[in-house]
Amino acid sequence: MEGGEEYGPDSQLIEAVFARTGAYIMGKRMFEEGEVVWPEDLFGAPVFVLTHEQRAPWVQQGNTTFYFVNDGID
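Residues numbered from 1 in each chain as written. Predicted model: local features only at pLDDT ≥ 70, side-chain atom pairs only at ≥ 80, totals over all residues. Heavy atoms only, no water.

Caption draft 1: Inspection of the overall build of the protein at higher detail. When helices and strands are counted, the protein shows 2 helices and 4 strands. What you see in the protein, going N to C, is helices and strands ordered as α-β-α-β-β-β. Residue pairs in contact within the protein that sit at least 24 positions apart in sequence constitute 17% of those at least 6 positions apart. Accessible surface, the protein: about 5700 Å² in total, of which carbon and sulfur atoms supply 53%. (Helix = DSSP H or I, 4+ residues; strand = E, 2+ residues; numbered from the N terminus. Contact = heavy atoms within 4.5 Å. Areas by Shrake-Rupley, 256 points an atom, 1.4 Å probe, with all protein chains shown as cover.)

Printed below as a string of structure tokens:
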């Protein structure tokens, strides 16, 4: 499994979950860790980042746009 090259039942499950997910919510730390390495349109859906930082939406190619929410999860 070195290098993440194995494709099996777990990979199929993850793909199925991503395919039916309409939006994602994440915290600022998760976003900061992935921002520089995630490929364009990895999520294929809107992503809402909960943060205190004011920031304009980050629109990627495809269907992924990161929205930065500053007023709570509601």
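Caption draft 2: Representation of the nonpolar core within the structure. With 10 residues, the main nonpolar core is built from Tyr24, Met26, Phe31, Trp38, Phe43, Ala45, Val47, Val49, Phe66 and Phe68. Of all the secondary structure elements, the ones that give two or more residues to this core are strand S1 (24–27), strand S2 (47–50) and strand S4 (65–69). Not counting chain neighbours up to four residues away, the residues in contact with Val49 comprise Met26, Gly27, Lys28, Phe31, Phe66, Tyr67, Phe68 and Val69. (Core = buried A, V, L, I, M, F, W, Y, C linked by side-chain atoms within 4.5 Å. Buried < 20%, exposed > 50% of the residue type's maximum accessible area, 1.4 Å probe, protein only.)

Caption draft 3: Focus on the pairing of S2. Going residue by residue along S2, you find Val47 and Val49 tucked away on one face and Phe48 and Leu50 left uncovered on the opposite face. Sheet topology note: the S1/S2 ladder contains 4 bridges and is parallel. Paired with Met26 across the strands is Val49, a residue of S2. Both S2 and S4 contribute to a ladder of 4 bridges, which runs parallel. Bridge pairing in S4 places Val47 opposite Phe66. (Pairing = 2+ DSSP bridges.)

Caption draft 4: Examining the side chain of Thr51 more closely. Relative to the helices and strands, Thr51 resides in the loop between S2 and strand S3 (58–59). A relative accessible area of 8% places Thr51 in the buried class. Apart from the residues within four sequence positions on either side, Thr51 is in contact with Lys28, Phe68, Val69 and Asn70.

Caption draft 5: Just the sheet that holds S3, in detail. The strand order across the open sheet built from 4 strands is S1-S2-S4-S3, with neighbouring strands paired in mixed fashion. The sheet is open, and its two edges are formed by S1 and S3, each paired on a single side. Note that S3 and S4 share 2 bridges and pair antiparallel. Residue Trp58 lies in a different strand from S4, and its bridge partner there is Phe66.

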